[in-house]
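Now for the letters of each chain:
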Amino acid sequence: MTALVLIDHEAGAIKQPSRSAIAAAAQLGEVHALVAGSGVQAAADAAAKLPGVTKVILADAPAYANALAEPLAALLVALAPAYSHLMAATTANGKNVMPRVAALLDSQPISDIAAVVDADTFVRPIYAGNAMATVKSSDAKKVITVRAASFDPVASEGGSASIEAAPAADAPATSRWLSAELSKSERPELTAARVVVSGGRGMQSGDNFKLIDPIADKLGAAVGASRAAVDAGFVPNDFQVGQTGKIVAPELYIAIGISGAIQHLAGMKDSKVIVAINKDEEAPIFQVADYGLVADLFVALPELAAELERG
Amino acid sequence: MFRPVNFAGANVRPEACPPSVADGPHIQETARQLMKILVPVKRVVDYNVKVRVKSDGTGVETAGVKMSMNPFDEIAVEEAVRLKEKGVASEVIAVSLGVAACQETIRTALAMGADRGILVESDAELQPLAVAKMLKAIVEKEDARLVILGKQAIDDDMSATGQMLAALLGWPQGTFASKVTIEGGSMTVVREVDGGLETVVLTLPAIITTDLRLNEPRYASLPNIMKARKKTIDTMKPADLGVDPAPRLTVVKVEEPAKRQAGRKVASVAELVDKLRNEAKVI
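Because the structure is a prediction, the values reported are computed rather than measured. (Residues numbered from 1 in each chain as written. Chains lettered and ligands numbered in written order. Predicted model: local features only at pLDDT ≥ 70, side-chain atom pairs only at ≥ 80, totals over all residues. Heavy atoms only, no water.)

## Let's talk about the overall build of chain B
Reasoning step 1: A tally of helices and strands in chain B yields 7 helices and 13 strands.
Reasoning step 2: The 283 residues of chain B split such that 55% are buried.
Reasoning step 3: Counted over contacts in chain B with a minimum sequence separation of 6, partners at least 24 positions apart contribute 73%. (Helix = DSSP H or I, 4+ residues; strand = E, 2+ residues; numbered from the N terminus. Buried < 20%, exposed > 50% of the residue type's maximum accessible area, 1.4 Å probe, protein only. Contact = heavy atoms within 4.5 Å.)

So this is what it looks like as structure tokens:
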């Protein structure tokens, strides 16, 4: 039994959610990693160092340059005969590509697994994480996306896999990548950060998110937001933590001016330590917080920045 | 931002005839250029309902619970209706697959501006692969050139049907769309990706799945709700589409997620920082 994991990579580095997907795959048996892209030898070298990976399949061609679903799915289908499980992290890329692969293999995908029970059986959240379903697949090949927050990522170093070139696969020419407008930030990515500081509707404006900056700077944190703050136009959608945004599980999550709607809790409740700062002491966020501070955030945030500075 | 419309008691006429197929070749050609859009709509537990896991662990309680159209599907209906209003589409067809009560969900789409509905009636559980196969059959029968779906249903959270339908049809896909522009034979889709936005160009026919910021769905006006009652809903069964709807995933059990213990309140910022440094040791 061997699993093939589609790797998300950037600038020659393996993204953390993919290292979690490798960890999930390792519970099933042997693990191969697929690195697809254009000019991505460095990423393949990095994937070969991941502990648990025994072989890296490198698909280096212009067709894979921007991770379009159509050529990537065709590639995975071409590789599928050698594998029992085809997997990826539940990222924008994994969610885009894997169901397409599943349909082409006549397999019902198993999305966003949070635990591996056995080779056919997995636990996955439904209803925005308000229930956990254990499902058993009857398909010959399982196509799976992995909730990164539920599996500790494998280390970046320690393995020494061989690298093998992928055979050429069809590349449908029905889609074309035009441009990307990625948020520029010196901060870590939300899904990979050790600390996340998020603001909610209580921040009152996008400008007030500046109050979070010195705290995030001091803690080396990523900055997130609730859906309410995104809907109100305070910050862009890629800040969104929650069922309809990103799922995070940092060591420390600080929720500021966030009431704690179900859909937000679904995105952060696996964090190791949760801090809530809210002036409403009845806010549901306090029911999941390890440390709650009932306070006006406009007073508390400058104090917190000063207190951290003092440390 | 979501505005469910309640259609309890709507008068449904499964016996109604489909539109005439006797249109001349010229009209058919025009209709082909102004493409038909198919919009699948799913009946789900309303997003405001706090779901409860059944005590026997077989699923979540849905009896007596308010049901609504999946919020992402409302965005899909809105986008399709806007494309028709812009003169890009000739007809918007709302499709729902599931129990007879899915007619209400279709009526909601009709009240928002969809032209007619199709109900694939089944009391058995339908999983995304089977749904995608049935939608493929309907797309081919209707000669639709664009399908707009919600990016995920808020019940099973699979986020799979759109991508699977695209694969089965051999069409390109624009998932998690926040902006769609159609010009000539192609479509430009701005997609929500992890680090921001990405723009792709797809050759029609194609699939779109909607993200939250694509549009803000309209309220159905009372006159439109009345008009919707007169629109046609065709009813069929999975077997009529030649699809075996048997689930591939068996639910072994459904459980409550692990509960977090509420912690404690701290009195000041200084105490908070002290606890984080010396007790939790996370900073």
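What follows continues from the structure just given.
## Details of the overall build of chain A
Reasoning step 1: Regarding its fold elements, chain A presents 8 helices and 18 strands.
Reasoning step 2: In terms of overall dimensions, chain A is globule-like: its C-alpha atoms have a radius of gyration of 20 Å, near the 19 Å expected for 311 residues.
Reasoning step 3: In terms of principal-axis extent, the alpha carbons of chain A reach across some 60 × 40 × 40 Å.
Reasoning step 4: Within chain A, buried positions represent 57% of all 311 residues.
Reasoning step 5: Sequence-distant contacts, at least 24 apart, represent 64% of the contacts inside chain A between residues at least 6 apart.
Reasoning step 6: Positive and negative side-chain charges of chain A, numbering 24 and 33 respectively, have mean locations separated by a distance of 2 Å. (Rg over C-alpha atoms; globule rule 2.2 N^0.38 Å. Lys, Arg positive; Asp, Glu negative; His and termini not counted. Charge placed at Lys NZ, Arg CZ, Asp CG, Glu CD.)

## Some details on the pattern of salt bridges
Reasoning step 1: Evaluated as defined, the whole model comprises 34 salt bridges over all chains.
Reasoning step 2: Note that Asp231(A) is salt-bridged to Arg227(A), the shortest N-O span being 3.3 Å. On the criterion of helical spacing, the pair formed by Asp231(A) and Arg227(A) is a turn pair, its members being 4 residues apart in helix H6 (residues 227–231).
Reasoning step 3: Linked by salt bridges that have partners in common, Asp106(A), Asp139(A), Lys133(B) and Arg248(B) make up one network. (Salt bridge = Lys/Arg side-chain N within 4 Å of Asp/Glu carboxyl O.)

## Observations concerning the packing of aromatic side chains
Reasoning step 1: Scanning all chains against the criterion turns up 0 aromatic pairs over all chains.
Reasoning step 2: Sitting over the ring of Phe176(B), Lys95(A) keeps its end group 5.2 Å from the ring centre.
Reasoning step 3: Its guanidinium or amino end placed over the ring of Phe286(A), Lys265(B) lies 4.7 Å from that ring's centre, counting from NZ or CZ. (Phe/Tyr/Trp six-rings, centres within 6.5 Å; stacked < 30°, edge-to-face > 60°. Lys NZ or Arg CZ within 6 Å of the ring centre and 35° of its normal.)

## With respect to helix H3 (residues 102–112) of chain B
Residues and elements named next belong to chain B.
Reasoning step 1: In terms of burial, H3 is a largely internal element, 10 of the 11 residues being buried.
Reasoning step 2: Taken together, the buried positions of H3 are occupied by Cys 102, Gln 103, Thr 105, Ile 106, Arg 107, Thr 108, Ala 109, Leu 110, Ala 111 and Met 112.
Reasoning step 3: Phi for Gly 113, located one or two positions after H3, is positive at around 130°.

## Comments concerning the interface of chain A and chain B
Reasoning step 1: Across the contact, 85 residues belong to chain A and 79 residues belong to chain B.
Reasoning step 2: Here chain A is connected to chain B by 4 salt bridges.
Reasoning step 3: Among the salt bridges present, the one from Asp106(A) reaches Lys133(B), with a minimum N-O distance of 2.7 Å.
Reasoning step 4: Among the residues forming the side of chain A that touches chain B, the class breakdown is 39 nonpolar, 24 polar and 22 charged.
Reasoning step 5: Inspection of the sheet shows strand E18 (residues 291–294) of chain A paired to strand E13 (residues 264–266) of chain B by 3 bridges, in the parallel sense. (Nonpolar A, V, L, I, M, F, W, Y, C, P; charged D, E, K, R; others polar. Pairing = 2+ DSSP bridges.)

## Here we look at the packing of helix H8 (residues 297–310) of chain A against helix H7 (residues 269–278) of chain B
Reasoning step 1: Running from N to C, H8(A) and H7(B) cross one another at 45°; their axes reach a closest spacing of 9 Å. Taken together, the axes of H8(A) and H7(B) lie oblique to each other. Note that H8(A) runs across H7(B); the crossing there is right-handed. Taken together, the residues of H7(B) that come into contact with H8(A) (itself represented by Ala300(A), Glu303(A), Leu304(A), Glu307(A) and Leu308(A)) are Val269(B), Ala270(B), Val273(B) and Arg277(B).
Reasoning step 2: Of the residues belonging to the contact of H8(A) with H7(B), the class tally is 6 nonpolar, no polar and 3 charged. (Axes fitted to C-alpha atoms, helices over the stretch in contact; angles between N-to-C directions. Parallel < 35°, antiparallel > 145°, perpendicular 65-115°, else oblique. Left-handed = near helix turned anticlockwise from the far one by under 90°.)

## Things to note about the sheet that holds strand E8 (residues 186–193) of chain B
Reasoning step 1: Read across the open sheet, the 10 strands follow the order E13(A)-E9(B)-E8(B)-E7(B)-E10(B)-E6(B)-E1(B)-E4(B)-E5(B)-E11(B); overall the sheet is mixed. The open sheet has two edge strands with one neighbour each: strand E13 (175–182) of chain A together with strand E11 (233–236) of chain B. Strand-to-strand twist across the sheet, computed as the mean angle between neighbouring axes with direction ignored, equals 25°.
Reasoning step 2: Note that strand E7 (residues 173–183) of chain B and strand E10 (residues 206–210) of chain B share 3 bridges and pair parallel. Of the residues in E10(B), the one forming a bridge with Ala177(B) is Thr210(B).
Reasoning step 3: Here helix H2 (residues 71–85) of chain B sits on the sheet in contact with strand E1 (35–40), strand E4 (89–98), strand E6 (146–150), E7 and E10 of chain B, set at roughly 150° to E6(B).

## With respect to the pairing of E18(A)
Reasoning step 1: Note that strand E17 (residues 273–278) of chain A and E18(A) share 4 bridges and pair parallel. Counted as the bridge partner of Ala276(A) is Gly292(A) from E18(A).

## Focus on unusual backbone geometry
Reasoning step 1: Following Leu204(B), the chain continues to Pro205(B) via a peptide bond in cis, the omega torsion being 0°.
Reasoning step 2: Mapping Pro205(B) onto the fold places it in the loop between strand E9 (196–203) and E10.
Reasoning step 3: Its identity as a non-glycine residue notwithstanding, Asp112(A) has a phi of 60°, on the positive side.
Reasoning step 4: The topology assignment puts Asp112(A) in strand E7 (residues 110–113).

## Topic: the confidence of the model for chain B
Reasoning step 1: Mean pLDDT over chain B: 89, with 88% of residues reaching 70 or higher.
Reasoning step 2: In this model, residues 1–32 of chain B is a region of pLDDT below 50 whose contacts with residues beyond four sequence positions or in other chains number 55 contacts. (pLDDT = per-residue confidence, 0-100.)

## As for the environment of Ile277(A)
Reasoning step 1: The topology assignment puts Ile277(A) in strand E17.
Reasoning step 2: In this structure the C-alpha to C-alpha distance between Ile277(A) and Ala229(A), which are 48 residues apart in sequence, comes to 15 Å.

## Comments concerning the packing of H3(B) against helix H6 (residues 222–230) of chain B
Residues and elements named next belong to chain B.
Reasoning step 1: In the contact formed by H3 and H6, the axes pass within 8 Å of each other and the chain directions differ by 125°. Judged by the angle between their axes, H3 and H6 are oblique. Note on packing geometry: the crossing formed by H3 with H6 is right-handed. Mapping the contact onto sequence places Arg 107, Leu 110 and Ala 111 in H3 and Asn 224, Ile 225, Ala 228, Arg 229 and Lys 230 in H6.
Reasoning step 2: In terms of residue class, the contact of H3 with H6 is built from 4 nonpolar, 1 polar and 3 charged.

## Comments concerning the pairing of strand E11 (residues 142–146) of chain A
Residue and element names in this part refer to chain A.
Reasoning step 1: Of all 5 residues in E11, 5 are buried; the element is thus mostly enclosed.
Reasoning step 2: A two-sided burial pattern is seen for E11, the buried positions comprising Lys 142, Ile 144 and Val 146 on one face and Val 143 and Thr 145 on the other.
Reasoning step 3: Relative to E11, strand E6 (residues 85–89) runs parallel, the two sharing 5 bridges. Considered in E11, the bridge of Leu 86 is made with Val 143.

## So, the sheet that holds E17(A)
Reasoning step 1: The 6 strands lie next to each other as E15(A)-E14(A)-E16(A)-E17(A)-E18(A)-E13(B), forming an open sheet whose pairing is parallel. Each edge of the open sheet carries a strand with a single partner, namely strand E15 (222–225) of chain A together with E13 of chain B. Ignoring which end each strand starts from, the neighbouring axes of this sheet average 25° apart.
Reasoning step 2: Judged from the 5 bridges that link them, strand E16 (residues 252–256) of chain A and E17(A) form a sheet pairing that is parallel.

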